[in-house]
Amino acid sequence: MAMTPPSERIWWRQPIARIELIWIIIAFTWGLIMFFMMIYWHGAGAQNLSNEAYQIKPQVFAKHAQDMIDEYQVREESGFPVVHPPPGSDVYLIARLWQWWPILEFEKDQSYRLHLSSMDWQHGFSLQPVNINVQVHPGYDMVVTVKPDRAGEFGVVCNEFCGIGHHMMVGKIYVVE
Amino acid sequence: MSSLIDYRTCPTTGLKVDRAAEKLIKANAVAAIVFLAIGGLFGLLVALTRWPAVHFLPADMFYLALTAHGLDVLLVWIIFFEMALLYFASAILLNSRLAGPKWAWTGFGLMLVGALITNVAVLQGKSSVMFTSYVPMMAEPPFYVGIILFAVGALIGCCVFFGTLVLAKREKTYEGSIPLVTFGALTAAIIAVFTLASGAIILIPTLLWSLGLVSHIDPLVYKTIWWAMGHSSQQINVSAHVAVWYAIAAMVFGAKPLSEKISRMAFLMYILFLQLASAHHLLVEPGMSSEWKIFNTSYAMYLAVLGSMIHGMSVPGAIEVAQRSRGLTKGMFEWLRKAPWGNPAFAGMFMSLVFFGFLGGISGVVMGTEQINLIMHNTLYVPGHFHATVVAGTTLAFMAITYILVPLIFRRELMMKKLAMWQPYVFGIGVAGISVFMMGAGTLGVSRRHWDMTFADAILPFDYPSAAFLMMGLNGIFAVMAAVGGLMYVVIVVGSVFFGKKLTDDEKPSYPEVPPESAAVSHYGSSESLKIPGTAFLVGIFFTAFVLYYFVNWKYLSEIWPLS
Ligand code: HEM
Ligand SMILES: [Cu+2]
Ligand SMILES: [Cu+2]
């Protein structure tokens, strides 16, 4: 029994049943496949994080964002500036209690270097309904190159708990043809 | 020395039982169950709030209840119960006295005081930071003080366990190697030491920071070390509940592991390959390289997963062998059909095994895949996954073994046997439901730790698909079922412990049935002719589900915006 000392005292010399051995080999091989799948996707897949990130002071990040807003704002919506930056450019999205600032407008099938950082606590960038989720830290500027492949209106939900206004923290991204 | 120890002899097993160890097991188990009741109530309140049609608590109370829920169940219930298991697997199973019962009581006291301090801090409302307490969000100092005291207490408990192993070996209270169940408990205790040390490394500076003595804690460093505690402690739970599976298989069927060597190696894999697995909590954080993530999720994860997959065959396989040796050999599944489904210890254990593997295990590996994490991180998929592992897996297994411990350790007949028969099903199916529906909602993008999925108070509107609302409604219904199951457990156990018929020292309890004589089982077949077709079939289904689900999620991933 498993509750008593092993009945064969030299249990480590007991042979292993074939069926267990087969299962171990299958399971191990499967582990290898899953390991190589991640590496394979870095080459063949289109959805990978670049892991490009910098330490940055919140004020510096806010200044980058403000410069972008000043240059490329196209209109205003519910008090949020809507910014239409040129394709390929660096785009800054501020996370702070409790808003995503500003509203961004992208062109379909163009890439943008999206910078994410927080001014205060941690937040979670959750692009819906696409369902892309990345963590946003204060003091770190994370760069994700995005290439929206369909037009429409997208929500940016905060999915890291960030205090009592957490559930009101919603931003917006437009993708136009 | 040992003549001064107060022993009784267990009429069921013939083991010598140190009464000091017995008292400690009782105290830890009772404390565990009290906090399960409190934490479970908070869980119900949280689930009712996330049920859109009910939306029970106001926002501030919701976040408070969620913080309390996470702490009381994940930390307090589970670790108190694990302390009881450690003392059981050492002193009782090894036929030994407990090393340093005074220390064990000190540990117990620290844990209790710590749990109370943290609970009070949370209930005061200024520490609704979730159990993860990510900086720079700050809780009141007592919040951290309580957790640290609790951890120190648990660490003392682990030392008492190690001490008892040494003592038993020195006093030759058993022959040969320690039993497999004790080996599993040893694995859990070793991981616990690593875990608790990581906890101290990160929480002590955080406490100083909340006192204003340290000016800054890097959020990324915090998270990395915090999860060295947070994740490894889940491996403690896995080791402990797998040990419980083996224990129940042994006590109900007299089952013997297929291979001591393989099962022990599988436990060892938990120690060797898990410690860096905090990586899979950091897959979408800034500043971690892909090499680091892939290495630490696969080296450190898939081999530990392999350990679990081995147990996943070994435990039902052992039961199948035991049943077949008793003549239940018809077809593939007579052994399973005729298993004692009315015995709550077995029913709970078997459901724990199935749900842990199929729901918790598969979803965990998928979610822990570097790129796939992008479509799941911080959605309700995450709590869906871990309710399958730590509730349907660990909690249900612990509940199941309680039905055996009440008569053997508390020396009381189990009361309300009919209710006990149903309890694992009500709780197990309820929890499986909340796991599945939270995972479903998460797949549709719904955020975890979120009070209002309609975003009624947000300036910019956003609507989740209506299917997500349906998922959360179903989640609410199954949460009520799980809560009823939890309440049944508390009522049965507390009732029996305080009001059950007392058993005298040499009286055998009538329930659960005593394990059948295991002599035949130990020598069923030789390893070459071992026949477990039913188990092999079940494992085949598991593996197929695993592979399909894994690739389906790559397909989902390939449909999101290209990212680089
Ligand atoms: C009556 C049974 C239970 C119900 C109905 C329940 C329900 C829930 C719900 C709805 C959430 C919130 C998800 C969210 O909004 O993020 C949650 C979170 C959680 N539950 Fe449970 N739960 C139960 C039992 C347990 C048990 C027994 C454990 C641990 C052993 C557990 C561990 C957790 C943890 C760690 C969290 C995460 C808290 C956080 O995000 O900070 N639950 N539970
Ligand atoms: Cu936020
Ligand atoms: Cu938030």
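See the structure shown above.
Residues numbered from 1 in each chain as written. Chains lettered and ligands numbered in written order. Predicted model: local features only at pLDDT ≥ 70, side-chain atom pairs only at ≥ 80, totals over all residues. Heavy atoms only, no water.

Colleague: Talk me through the coordination of the copper ion (ligand 3); I want residue IDs and the actual numbers.
Modeller: Residues and elements named next belong to chain A. Note on the copper ion (ligand 3): its protein donors are Cys-158 (SG), Glu-160 (O), Cys-162 (SG) and His-166 (ND1). The metal-donor distances range over 2.0 to 2.3 Å. If you list the donors of the copper ion (ligand 3) from N- to C-terminus, the spacing comes out as C-x1-E-x1-C-x3-H. Separating the copper ion (ligand 3) from the copper ion (ligand 2) is a gap of 2.6 Å, which Cys-158 spans by donating to each of them. In terms of burial, Cys-158 and Glu-160 fall into one category: buried. (Donors = N, O, S within 2.8 Å, 3.2 Å for Na, K, Ca; no water. Buried < 20%, exposed > 50% of the residue type's maximum accessible area, 1.4 Å probe, protein only.)

Colleague: Tell me about the site of ligand 1, residues and numbers included.
Modeller: Residue and element names in this part refer to chain B. Taken together, the neighbourhood of ligand 1 is formed by 23 residues, with Arg-50, His-69, His-387, Arg-448 and Arg-449 sitting nearest. Between Arg-50 and ligand 1, the recorded distance is 2.9 Å, taken from a side-chain N or O atom to an oxygen atom. One of the side-chain N or O atoms of His-387 is found 2.7 Å from a nitrogen atom in ligand 1. With respect to the pocket detection grid, ligand 1 is positioned in the second largest pocket. Of all the elements in the fold, those that place two or more residues in the shell around ligand 1 are helix 1 (19–50), helix 2 (59–92), helix 11 (381–408) and helix 13 (466–499). Per element, the largest residue contribution to the shell around ligand 1 is six residues, and it comes from helix 11. Counted by class, the shell around ligand 1 contains 16 nonpolar, four polar and three charged residues. (Near = heavy atom within 4 Å. Polar contact = N/O pair within 3.5 Å; in protein donor to acceptor, adjacent residues only side chain to side chain. 1 Å grid on protein atoms, 1.4 Å probe; cavity = no way out; pocket = protein on both sides within 12 Å on 5 of 7 lines; lining within 4 Å. Sits in = over half its atoms within 2 Å of the grid points. Helix = DSSP H or I, 4+ residues; strand = E, 2+ residues; numbered from the N terminus. Nonpolar A, V, L, I, M, F, W, Y, C, P; charged D, E, K, R; others polar.)

Colleague: Before we move on, can you summarise the environment of Thr-182 of chain B with the specific residues and values?
Modeller: All names here are of chain B. Its place among the elements puts Thr-182 in helix 5 (residues 180–210). Distance from Thr-182 to Leu-93, taken between C-alpha atoms, is 7.4 Å for residues 89 residues apart in sequence. When near neighbours in sequence (up to four residues on either side) are disregarded, Thr-182 contacts Ala-89, Leu-93, Leu-94, Phe-161 and Leu-165. There is a polar contact of 2.9 Å between the side chain of Thr-182 and the backbone oxygen of Ala-89. (Contact = heavy atoms within 4.5 Å.)

Colleague: Describe the sheet that holds strand 1 (residues 52–55) of chain A, naming the residues involved and giving the relevant values.
Modeller: Residue and element names in this part refer to chain A. One open sheet holds the five strands; their spatial order is 1-10-7-4-5, and the pairing between them is mixed. Because the sheet does not close on itself, it has two edges, and the strands there are strand 1 and strand 5 (99–101). Averaged over all neighbouring strand pairs, the angle between strand axes comes to 25 degrees, with direction disregarded. Packed onto the sheet, helix 2 (residues 58–72) meets strand 4 (90–96), strand 5, strand 7 (112–118) and strand 10 (140–146) and runs at close to 125 degrees relative to strand 4. (Pairing = 2+ DSSP bridges. Axes fitted to C-alpha atoms, helices over the stretch in contact; angles between N-to-C directions.)

Colleague: Please give an account of unusual backbone geometry that cites residues and values.
Modeller: Here the bond from Gln-128 of chain A into Pro-129 of chain A is cis, since omega is 0 degrees, no more than 30 degrees from zero. In this fold, Pro-129 of chain A is placed in the loop between strand 8 (123–128) and strand 9 (132–136). In this structure, Pro-136 of chain B follows Val-135 of chain B across a cis peptide bond, with omega equal to 0 degrees. Position of Pro-136 of chain B relative to the elements: it lies in the loop between helix 3 (101–123) and helix 4 (141–170). The backbone of Met-416 of chain B shows a phi angle near 50 degrees, a positive value even though the residue is not glycine. Among the structural elements, Met-416 of chain B can be located in the loop between helix 11 and helix 12 (417–443).

None of the figures reported here should be taken as evidence of function without further support.
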